[in-house]
Amino acid sequence: MISRRRFLRAAGLAGGGFALSLAGAAPTAVSAGRGDDAGPGLLGPLIEVSEHGAVLIRVFKQEMGQGAQTGIAMIAAEELEADWNAVQVRRLDFSREIEGYAEEWGRFGTGGSYSVESEWTLMRTAGASAREMLRRAAAARWRVDIRDCIARNGFVIHRPSGRRLGYGELAAAAARQPVPADPPLKHPDDYSIIGRSHPGLENRAIVRGTLRYSIDESLPDMLHAVLVRPPVRGSRPLSFDARECRKLAGIESVFAVEPTARDAMFDKGIPGGIAIVGHSTWACLKARRLLDVEWSPVEGGDSESLYRIFDELREIPDVERQTAGRQLAGFDGAERVIEAAYQNPYMAHGLMEPLCAIADFSDRKHLQIWAGTQSPQYSAHQLAANFAIDKAAITIHNYRMGGGYGRRYFCDFLIEAAAISRALGRKVKLTWTREDEIRFGAYHPLRRDHYRAALDADGNIDSLALSSISTHEWGGGEMTYFYGFNHLHVNSHHYRDSPVQWGSWRSVVKHQDTFSREIFIDEIARAVGADPIDYRIAQTRRPAPDDYRSSHNDSLEAQLPQLKRLQVRVLEAVAELSQWRRPRPKNTGLGVAVSAYHDRSFCAQVVEVECGETGYRVVRVYVVADCGLIVNPNLVRGQIESSVLWGLTPVLYGGIDVVGGAVRQSNFHDMPLATMVDCPEMRIELHDFEGRPPAGVGEFAVVPVAPAISNAIFSATGRRLRGFPMQLP
């Protein structure tokens, strides 16, 4: 069932098709033949069936290569009983026509690996409703019992007589049928689209080069712009000399853009700077090289010095994340205590498509944006707040993105484009360069974790404590501990004086949480002489204290038995897949790590490394995943493969360095990404051990990569690496 506040509504399309939409009003049947009936209040047509039988499925979630839009379309097409070859997918633009447009978040946000999971019920219901309306239309035309009419592969078939009608032939009549309040949903055993590998619906256009990204877009009467930002956060232009810039052909204007100070989750303000506007991006970039700016002096921090500051903050409480038993008092009188510290650097995103946005704010009242953003609705909310205009006056035309990874949740690049357009009274395309994206990013936070564990006489964890200090306001420690303990205390501290802007990264903060936890549990296992997988399984099977409380999961007590079972299942399966107990050659090591992303997507990995005099090489990665029902195995495997490479990058090459408040790196020559030469062999198994609904797959396989590699290096060399990059002498 969908929310009581939102209902499916049918409308006709010009030419005789029909559309099914989600509306904030009671279900209504609308006569066919009109394409303009879906006015304000509709969430936009979710499913359209043309008079020719083509099916168009519109989705709210954004596409950045993770395959979510294809997966969501498969869910609707399955219940619709559509011919998959006749299905297309399209993104919904954000505007006041969207029901609930005034809400801050809404359905448009795409991050945290929630897309398929969050749209599962809605799109199943929409597809099933459209299917039932088509069946009713066929039964009415044939004047037969609807129970004798079945939908299959884009047709409704009358079983007794064998007559059939295509969806296109029935679309106009279907639009006049009432929308079912609770349509029957298919049993998983009857799925013919879900569970099968299908290529992405936009793959053909990508290969042919016909799919347009926002960086490709060009609109009539559009100017181009680049922005010269202050090299250090908080610096301001004291003066600038643009005389040489203005001599270049094609340069229209050079002017200062004021900074803004904001403290919303994904809007931390813009740094301001000097805008250069002209008739082409190339002209603006040439002019930027000639611009002479005097910046106000600002004393910026260094990333390396922050680790020392973090060590001083470890005993200063900020946010208590998780507790159980006697908490820190559980360490009193402990005979054996193990402790270790782990650290994560700032990390940039390295988007294949640098940030770009077109803004038309020429009348200062109505704002249109053309861009790829992970959250159009949230961005519109922040744009309205920044410019003190009605959110109803904002429209965002969204594009497929050449990578997102959390960076495009931030709306700074949209605000900059809008500010430049408003100042000029013209339509403007603002383009970031690769150097801009790396030097002025929203970086994965710098963080340091301090773990302590007190062990009982049998080597079990009696007391566990984590103190996590991070430049991210979400801090650390937001994870469920499936390993047994009697006493627990997890505290995080948000360091608020970061020299650079922090943000989200692929896997948000789960990568950092798991990095320290999974190396630490490995260190404990080695210290007590236990096999790392056996120890993890044994500790997982220990019960949690009755008073175990977590800040991020209110239903933890009810869920924990199943979560523990699933962690054991993926650990057992990855041990078998990797032949964990088979002897390996000298200087070869195996390491294991396991995670449960959002307590729903389970991933266990065993990494095999070969170590030599000049370093090490990641040879194989064995992956066992349980992310519930698998909508598209091909897309899931693709996400796992890309996640392993994503997680490999900081292991091999580290993050970014901040010196005097400025980012040292600028492009891929000094911030390299993992490439094909680094790529290990991957062996992947997908499971749904307990018949659960789909869970997210966009990030969950990033999380175990780094700790598994660290544990493998220790297995081969006896050296424990607790930070990035992981280097051997």
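Parameters and conventions
- Residues numbered from 1 in each chain as written.
- Predicted model: local features only at pLDDT ≥ 70, side-chain atom pairs only at ≥ 80, totals over all residues.
- Heavy atoms only, no water.
- Salt bridge = Lys/Arg side-chain N within 4 Å of Asp/Glu carboxyl O.
- Buried < 20%, exposed > 50% of the residue type's maximum accessible area, 1.4 Å probe, protein only.
- Helix = DSSP H or I, 4+ residues; strand = E, 2+ residues; numbered from the N terminus.
- Phe/Tyr/Trp six-rings, centres within 6.5 Å; stacked < 30°, edge-to-face > 60°.
- Lys NZ or Arg CZ within 6 Å of the ring centre and 35° of its normal.
- Domains from an automatic or database assignment.
- Contact = heavy atoms within 4.5 Å.
- Buried area = accessible area lost by both parts, 1.4 Å probe.

Trainee: Mind laying out the pattern of salt bridges, listing which residues take part and the relevant values?
Mentor: In this structure the tally under the stated criterion is 48 salt bridges. Here Arg326 makes a salt bridge to Asp332, at a shortest N to O gap of 4.0 Å. Since its relative accessible area comes to 48%, Arg326 is described here as partly exposed. Overall, the relative accessible area of 55% leaves Asp332 in the exposed class. The partner of Glu518 in a salt bridge is Arg536, and the shortest N-O contact between them spans 2.9 Å. Note that Glu518 is positioned in helix α11 (residues 510–527) and Arg536 in helix α12 (residues 532–541), a separation of 18 residues in sequence. Residue class for Glu518 comes out buried when judged on its relative accessible area of 0%. Judged by its relative accessible area of 0%, Arg536 is buried. Bridged by salt links that share partners, the residues Arg517, Glu518, Asp522, Arg526, Arg536 and Arg720 form one connected network.

Trainee: Explain the packing of aromatic side chains to me, using residue names and the numbers behind them.
Mentor: Taken as a whole and judged by the stated rule, the model has 20 aromatic pairs. Ring centres of Trp105 and Tyr409 lie 6.4 Å apart, and the angle between their planes is 55°; on these two criteria the pair is classed as tilted. Remark: Tyr409 occurs in the loop between β18 (394–398) and α9 (412–424) and Trp105 occurs in the loop between β5 (87–91) and α2 (115–142); sequence separation between them is 304 residues. Take Tyr409: its relative accessible area is 11%, and that puts it in the buried class. Plain terms: the ring middles of Phe266 and Tyr378 are 5.8 Å apart, the flat faces sit at 90° to each other, and that makes the pair edge-to-face. Taken together, the residues Phe266 in the loop between β11 (251–257) and β12 (273–278) and Tyr378 in helix α8 (residues 376–387) connect sequence positions 112 residues apart. The two residues Phe266 and Tyr378 agree in class, both being buried. Three or more aromatic residues link up through ring pairs in this structure, and these residues are Trp105, Phe266, Tyr378, Tyr409, Phe410 and Trp474. The ring of Trp432 has Arg229 sitting right over it, with the charged end atom 3.9 Å from the ring centre.

Trainee: Tell me what's going on with the domain arrangement of the protein chain, and back it up with residues and numbers.
Mentor: For interface size, the figure often reported is the accessible area lost on association. In terms of domain boundaries, the protein chain breaks down into domain 1 (4–206), domain 2 (214–298 + 355–431) and domain 3 (314–346 + 443–717). On a C-alpha basis, the centroid separation for the pair domain 1 and domain 2 is 37 Å. On the domain 2 side, the residues contacting the 23 residues of domain 1 number 25 residues. Buried area between domain 1 and domain 2, both sides added, is near 2000 Å², and the carbon and sulfur share of it is 54%. Summed over the shared surface of domain 1 and domain 2, the number is one salt bridge.

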